[in-house]
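The residues making up each chain are set out below.
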Amino acid sequence: MPSRGEKEIRAGSMIVYGTHGSILTPILLAAAINRPDLKMVAADYIAKLGPNIAGCSFPVYAAMHVTVKRASDKGLVPRAMGWIASKSAGPSDRDAVRQRNRESLAGAAEHVRQGGGLIIAPESRNRREPWRTGLGTLVADLARDAACQSTYLVPWSIRGASVTAIFQLLSRNPLARRLGARRFRNPVQVLFGEPMLVERVVAEAGDDPREIAAYLERDYRERGF
């Protein structure tokens with residue numbers, strides 16, 4: 001936790017954001033923040049993995065669906081997630097996708113407006129592309145509401161969380177288990193930056209969602225996250 005702002009992170013109206021990293025990210029963030037009202041903006045197929053996940057998710061849909069073929073070059077876990085996505089595809093019409101995503105982001109903003117905590121990973125599937133504008137849309141929406149002056153934005157960074165090591169630890173192969181244990185010689189670290197007020201970010205970045213997302217991405221990189 002940062003030297004200032006732990007109270008806001010654990011109990012305040014806030015959005016915590018950062019690069020996704022792996023499927024372990026939401027679990028690790030929930031454990032680190034430890035608040036019952038924490039929800040997340042998640043890909044629609046993630047929200048379908050179980051009733052408890054659906055209940056704490058605001059699903060968003062991809063304009064181009066993830067497929068097994070597209071995910072297969074990136075390893076076992078992306079391949080598995082690609083298979084799940086291909087079997088639980090949402091709306092295919094782009095206008096319908098945009099409308100559903102607008103509704104989900106509006107629901108997420110309302111959750112934060114009511115004092116809740118929200119997780120969002122704004123990076124694009126292609127890491128060389130800019131962050132997606134969903135985070136900026138949330139911030140711009142909240143900034144228009146005078147009652148949200150005490151809403152905070154909190155960057156996160158997760159280090160040492162290897163999905164491969166999890167599979168190795170669960171393997172029946174003794175050598176694989178030893179390799180997994182070696183990867184976790186040091187504990188996983190979940191780091192949070194000092195909370196920033198939404199109104200301060202909008203004052204510096206403007207109220208355009210794309211510019212807000214770009215501003216937060218630059219700040220995130222400059223922090224070394």
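These remarks concern the structure in this document. (Residues numbered from 1 in each chain as written. Predicted model: local features only at pLDDT ≥ 70, side-chain atom pairs only at ≥ 80, totals over all residues. Heavy atoms only, no water.)

1. So, the pattern of salt bridges
The criterion, for reference: Counted as salt bridges are all cases of a side-chain nitrogen of Lys or Arg within 4 Å of a carboxyl oxygen of Asp or Glu. Under the scheme used here, helices are H or I runs from DSSP no shorter than 4 residues and strands are E runs no shorter than 2 residues, and both carry numbers assigned from the N terminus. In this scheme, a residue with accessible area under 20% of its type's maximum is buried, one over 50% is exposed, and one in between is partly exposed, where area comes from a 1.4 Å probe on protein chains only.
Scanning all chains against the criterion turns up 10 salt bridges. The closest approach of N and O atoms between R98 and D95, which form a salt bridge, is 3.3 Å. You can see R98 and its partner D95 sitting in helix α7 (residues 94-113), 3 residues apart, about one turn around the helix. The closest approach of N and O atoms between E204 and R200, which form a salt bridge, is 3.5 Å. Here the residue E204 and the residue R200 both occupy positions in helix α11 (residues 198-205), the gap between them amounting to 4 residues, near one helical turn. The exposure class assigned to E204 is partly exposed, which follows from its relative accessible area of 49%. When salt bridges that share partners are traced, they join E110, R113, D141 and D145 into one network.

2. A few points about the pairing of strand β1 (residues 14-17)
Within a regular strand, side chains alternate between the sheet's two faces. Filter applied, for reference: A pair of strands is labelled paired if DSSP reports no fewer than 2 bridges between them.
Burial along β1 is two-sided: the residues M14 and V16 and I15 and Y17 are all buried. Pairing between β1 and strand β4 (residues 117-120): 4 bridges, direction parallel. In the strand pairing of β4, M14 is matched with G117. The pairing of β1 with strand β5 (residues 152-159) spans 4 bridges and is classified as parallel.

3. Observations regarding the packing of aromatic side chains
How we decide: The pairing test for Phe, Tyr and Trp rings, Trp by its six-membered ring, is centres within 6.5 Å, and the orientation test on the planes gives stacked under 30 degrees, edge-to-face over 60, and tilted for anything in between.
Tallying each qualifying case throughout the model produces 4 aromatic pairs. Between Y17 and Y220 the ring centres are 6.3 Å apart and the planes differ by 45°, which places this aromatic pair in the tilted class. Here Y17, found in strand β1, pairs with Y220, found in helix α12 (residues 209-222); they are 203 residues apart in sequence, far enough to count as distant. Each member of the pair, Y17 as well as Y220, carries the same accessibility label: buried. Considering the side-chain rings of Y220 and F225, the 5.6 Å spacing of their centres and the 90° angle between planes classify their relative orientation as edge-to-face.

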